[in-house]
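# A structural walkthrough
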Amino acid sequence: MKFTDQETLAPLISYLENEASARQISIDITPETDILNAGVIDSLGLLNLIAFLEETFQIDIDAADVLLENFETPNALRNLIKGKLSDE
Amino acid sequence: MTFIPAKCDVVVIGGGPAGSLAATYLAKKGYEVVLLEQQKHPRYQVGESLLPDFWKYCDAAGATEQMIAEGFVKKAGGSVDWNGKINRISFKDFGYTRPALHVERDRFDYILLENARRAGVQVAEEVSVISVDFSDTGNGNSVGSVKVNYRRNADSLTESLSCRYVADASGQNAVVGRQLGLRVFDEGFKFMSVWGYFENSSYLSADGKIQPASNVLEIPPTTYVSALPQGDGWAWMWHIILRESTSLGLVVPISWVRETKTGEETWEAWYLRQCGKLPLLQKLLTDARLVPDSVRLVRNYSYRSKEVAGPGFFLLGDAAGFIDPIFSVGIVFGMYSAYAAAHMIDRCFRQNNRQAAFQEMFSHQIQSRLELGRSLALPYYQESGAAHHLGREAMRLSGEQAQSLIYAASSLINRSTNFDKLADNQDLRHAALKKLRPVEIDLS
């Protein structure tokens, strides 16, 4: 399956906006928002986010992919997804 | 006598916070869960201090309302007396909006176990797990079968129960870890705890003032910890005020106990003698009385399991690892492992072909947290390859709020040099250290 950058970012940002509002954090999620430091994704949220990415984009995320570089911002997540899809 | 079925989806061993929560989360996802608990709740348990992070696990389990209704003591932060300096931190300064608590564990654990029952978990108490048979756990792509052999404490007959996964939350009994030989001990840090309960102890509030016990529900206390004068900064004391009494314990290297306690001295006398060496503690205990026969001891060892998940099993809380309890992280670690195990077990059921990947994901998350704990607590922490990298990554993936609190806490007890090996965000460290406030109390 192929996704354009915008097709990847839109569901990501909408998922993260829901997470933020569930945690009562008022924040504008942009592609460069630091979602970890802003508290949008905490240790529980990280597990749920991984499951969301796998289901939405039909990719497999491995334990070794769980790095700051891959999870810090929506853009970083987009790059992770892109890399996974081009590996197929 | 509680009915125990012959088969179910998941068996949870142990009804402490980790076991009750894992069982609750799984039952809420629709699985048939049997929880086997050795004792009859409510039952006594030490370990009364909780960090504010625990609330989100109660939220996810639907236990928040009962927790609030119980009216436990709300704690505002910590006061730390180390190397002649007394500092305090307030959770509020780190942006925490929900309180930490000091809890009577018999009540706290009972609330979570009853909540599990209400969620549909089949809870059987006074049942001991004898062994777990993993001989038929499938080939990695299919879900196999695990046989849990148990005995009701009242009789001698061994019965068995088949399931797909076992979540071992048996605490330091570490049923599965012992059976599979998974535990690795930190030989450099063998310690023991000796603790008791005092009535009418004063306490320190977040503003650094001494408060009488009667104020405890109106003016939130801090958890007070202090280095003991001998023991090179590795022996320490906790003072945790509860609703009716105060838990006061010592954590000391076993070698040091051998040097300081003679055969004739009772544990109670030795304990009181050590307490007497701390001037600030003595001030808090001026009008206090030791609850008769309340002094207990346990030999503890720092350990972790070299594997925390494998075909058919996940290890939770103290069954996965146990380190120096100095920062009150034990219960929250147990709760996190419960959430993560329930999440991964659910995913294993739904995607059999990826079980190994889910076990590995769980292992990375749990091992990284244990490694963080080791770096904070162990006297002779050595960087150790893979686990060290996991610990670093766990720190980096924690948000600023959690990182700041860890920086502040590690600096309070002079174990931060260990910690520097794992984390190096100097800006955050400086900002965190500015949140420490001195406690000024006239001890003359």
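Because the structure is predicted, anything quoted here is derived from the model rather than measured.

About the thresholds
Residues numbered from 1 in each chain as written. Chains lettered and ligands numbered in written order. Predicted model: local features only at pLDDT ≥ 70, side-chain atom pairs only at ≥ 80, totals over all residues. Heavy atoms only, no water. Helix = DSSP H or I, 4+ residues; strand = E, 2+ residues; numbered from the N terminus. Rg over C-alpha atoms; globule rule 2.2 N^0.38 Å. Buried < 20%, exposed > 50% of the residue type's maximum accessible area, 1.4 Å probe, protein only. Contact = heavy atoms within 4.5 Å. Expected span 1.5 Å × (residues − 1). pLDDT = per-residue confidence, 0-100. Pairing = 2+ DSSP bridges. Axes fitted to C-alpha atoms, helices over the stretch in contact; angles between N-to-C directions. Phe/Tyr/Trp six-rings, centres within 6.5 Å; stacked < 30°, edge-to-face > 60°. Core = buried A, V, L, I, M, F, W, Y, C linked by side-chain atoms within 4.5 Å. Buried area = accessible area lost by both parts, 1.4 Å probe. Salt bridge = Lys/Arg side-chain N within 4 Å of Asp/Glu carboxyl O. Polar contact = N/O pair within 3.5 Å; in protein donor to acceptor, adjacent residues only side chain to side chain. Nonpolar A, V, L, I, M, F, W, Y, C, P; charged D, E, K, R; others polar.

## As for the overall build of chain A
- For chain A, the count of helices and strands is four helices and zero strands.
- In chain A, the succession of helices and strands from N to C terminus is α-α-α-α.
- Relative to the globule expectation of 12 Å for 88 residues, the C-alpha radius of gyration of chain A, 12 Å, shows essentially globular dimensions.
- The principal-axis extent of the C-alpha atoms belonging to chain A is close to 40 × 25 × 20 Å.
- Each of the 88 residues in chain A was classed as buried or not, and the buried ones make up 50%.
- Here the contacts in chain A between residues at least 6 apart in sequence split such that 57% fall between residues at least 24 apart.

## Quick notes on helix 1 (residues 17-28) of chain B
Residues and elements named next belong to chain B.
- Over its 12 residues, helix 1 runs 16 Å from end to end, which matches the ideal 16 Å to within 8%, given 1.5 Å per residue.
- With 11 of 12 residues buried, helix 1 is to be regarded as a mostly interior element.
- Directly after helix 1, the chain includes Gly 30, whose backbone phi takes a positive value near 100 degrees.

## Focus on the confidence of the model for chain B
- Within chain B, residue pLDDT values average 91, and 95% of them lie at 70 or more.
- Here the predicted complex scores 0.95 on pTM and 0.94 on ipTM.

## Quick look at the sheet that holds strand 9 (residues 127-136) of chain B
All names here are of chain B.
- Read from one edge to the other, the open sheet built from three strands follows the order 9-10-11, with strand pairing classed as antiparallel. The strands lining the two open edges of the sheet, one partner per strand, are strand 9 and strand 11 (158-163). The mean angle between the axes of side-by-side strands here comes to 25 degrees, regardless of whether they run parallel or antiparallel.
- Bridge count between strand 10 (residues 145-152) and strand 11: six bridges; the pairing is antiparallel.

## Here we look at the packing of aromatic side chains
All names here are of chain A.
- Summed over all chains, the structure comprises 21 aromatic pairs over all chains.
- Plain terms: the ring middles of Phe 3 and Phe 57 are 5.1 Å apart, the flat faces sit at 75 degrees to each other, and that makes the pair edge-to-face. Of this pair, Phe 3 sits in the segment before helix 1 (5-22) while Phe 57 is found in helix 2 (residues 43-57), placing the two residues 54 residues apart along the sequence.
- Look at Phe 3 and you get partly exposed, because its relative accessible area is 24%.

## Observations concerning the nonpolar core
- The biggest cluster of nonpolar side chains holds 151 residues, and the ones touching the most others in it are Leu 53 and Phe 71 of chain A together with Leu 36, Phe 54, Phe 108 and Phe 314 of chain B.
- Considering each element in turn, this core owes the most residues, 14 residues, to helix 9 (residues 330-350) of chain B.
- In this structure Phe 54 of chain B touches Met 67, Pro 99, Leu 101, Phe 108, Val 332 and Met 335 of chain B, once residues within four positions along its chain are discounted.
- Residues Ile 86, Leu 250, Val 257 and Leu 280 of chain B belong to the second largest nonpolar core, which totals 27 residues.

## Some words on the interface of chain B and chain A
- Tallying the contact residues gives 22 residues for chain B and 22 residues for chain A.
- For chain B, the biggest contributors to the area lost against chain A are Arg 354, Met 361 and Leu 397 of chain B; these three give 28% of the whole.
- Here chain B and chain A share six salt bridges between them.
- Among the salt bridges present, the one from Arg 350 of chain B reaches Glu 55 of chain A, with a minimum N-O distance of 3.8 Å.
- At the boundary of chain B with chain A, the tally comes to 11 residue pairs in polar contact (both at pLDDT 80 or more).
- At the level of secondary structure, the elements contributing two or more residues to the side of chain B that touches chain A comprise helix 2 (55-61), helix 9, helix 10 (355-377) and helix 11 (385-397) of chain B.
- For the side of chain B that touches chain A, the leading source of residues is helix 9 of chain B, giving seven residues.
- The class makeup of the residues in the side of chain B that touches chain A is eight nonpolar, five polar and nine charged.

## A closer look at the pattern of salt bridges
- Applying the stated rule across the entire model yields 29 salt bridges over all chains.
- Between Lys 40 of chain B and Glu 125 of chain B there is a salt bridge; the shortest N-O distance is 3.4 Å. Placement of the pair is Lys 40 of chain B in the loop between strand 2 (33-36) and strand 3 (49-50) and Glu 125 of chain B in the loop between strand 8 (122-124) and strand 9, with a sequence separation of 85 residues.
- Across the pair Arg 396 of chain B and Glu 393 of chain B runs a salt bridge whose closest N-O atoms are separated by 3.0 Å. Of this pair, Arg 396 of chain B and Glu 393 of chain B both sit in helix 11, three residues apart, roughly one helical turn.
- Take Arg 396 of chain B: its relative accessible area is 30%, and that puts it in the partly exposed class.
- Taking relative accessible area as the criterion, Glu 393 of chain B reaches 11% and is therefore assigned buried.
- Where salt bridges share partners, they join Glu 19, Arg 23 and Asp 42 of chain A together with Lys 56 of chain B into one cluster.

## Some points on the sheet that holds strand 2 of chain B
Residues and elements named next belong to chain B.
- Spatially, six strands are ordered 8-2-1-12-22-21 in an open sheet, and the strand pairing comes out mixed. For this open sheet the edge positions go to strand 8 and strand 21 (309-310), each flanked by a neighbour on one side alone.
- Examined bridge by bridge, strand 21 and strand 22 (residues 313-315) share two bridges and lie antiparallel to one another. Each bridged residue has a counterpart across the sheet, and for Ala 309 the counterpart in strand 22 is Phe 314.

## Comments concerning the pairing of strand 18 (residues 246-253) of chain B
Residues and elements named next belong to chain B.
- Burial analysis of strand 18 places eight of its eight residues in the buried class, the great majority of the element.
- In this structure, strand 17 (residues 236-241) lies alongside strand 18, joined through six bridges in antiparallel fashion. Paired with Ile 240 across the bridge in strand 18 is Ser 247.

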